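Inside the fold
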Amino acid sequence: MTTAEIVKTSLALDGGAPVRSADDPLPTPRPRIISPEAAGMVRKVLDSGFTLDLISEFETAVAEASGAKYGVAVANCTAAIHSVIGGLGYGPGDEVIVSAISDYGSVAGVVMQGAKAVFADVDVRTGLVTAETIEEVITPRT
């Protein structure tokens, strides 16, 4: 049975067949595997006495790969969202739509800029927001 056929019948929660089986589970985050290339980069930084600037190299490579003038590295996704919200100039009185199934990191940057996080519902079968659920929460302040 294809995934599309499974989804069309019923959800696993409702007695339907799960999309993933015991012999085809979702990947686990543990154990973490560090590629030889990544380990080599860590070794270069350690061997340099922490004087090697790989961040600038990374930012330049990202900018070139994306066709942007600049690339800016941040510590994590929360910082990235906060930077984007701030860079776009959103603040008090503005609304930013976020998925109702998320983690606080997706909302923190919105809140830190003084904007209001508005949650769009998700599709029960995919767990993702849809154009329809986003449309339901759009206001003139979005």
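Fair warning: this is a prediction, and the values are worked out from it, not measured in the lab.

Turning to the overall build of the chain, a few remarks are in order. Helix and strand counts for the chain come out as six helices and two strands. For the chain, the N- to C-terminal ordering of α and β elements is α-α-α-α-β-α-β-α. The C-alpha atoms of the chain give 21 Å as radius of gyration, which overshoots the globular expectation for 142 residues (14 Å, by more than 25%). Its C-alpha atoms give the chain principal-axis dimensions of roughly 55 × 50 × 25 Å. When each of the 142 residues of the chain is scored for burial, the buried share is 16%.

It is worth spelling out the environment of Val-110 at this point. Looking at where Val-110 falls in the secondary structure, it is placed in helix α5 (residues 105–112). For the pair formed by Val-110 and Asp-94, sequence separation is 16 residues and the distance between their alpha carbons is 9.3 Å. Each residue touching Val-110, except ones within four places of it in the same chain, is listed here: Ile-85, Val-96, Ala-115, Lys-116 and Ala-117.

What follows concerns the pairing of strand β2 (residues 116–120). Of the pairings in the sheet, the one linking strand β1 (residues 95–99) to β2 comprises five bridges and is parallel in character. By the bridge assignment for β2, Ser-99 is matched with Ala-120. Traced from β1 through α5 to β2, the parallel crossover comes out right-handed.

Reading the values: the criteria
Residues numbered from 1 in each chain as written. Predicted model: local features only at pLDDT ≥ 70, side-chain atom pairs only at ≥ 80, totals over all residues. Heavy atoms only, no water. Helix = DSSP H or I, 4+ residues; strand = E, 2+ residues; numbered from the N terminus. Rg over C-alpha atoms; globule rule 2.2 N^0.38 Å. Buried < 20%, exposed > 50% of the residue type's maximum accessible area, 1.4 Å probe, protein only. Contact = heavy atoms within 4.5 Å. Pairing = 2+ DSSP bridges. Right-handed = clockwise from strand over helix to strand, strands pointing away.

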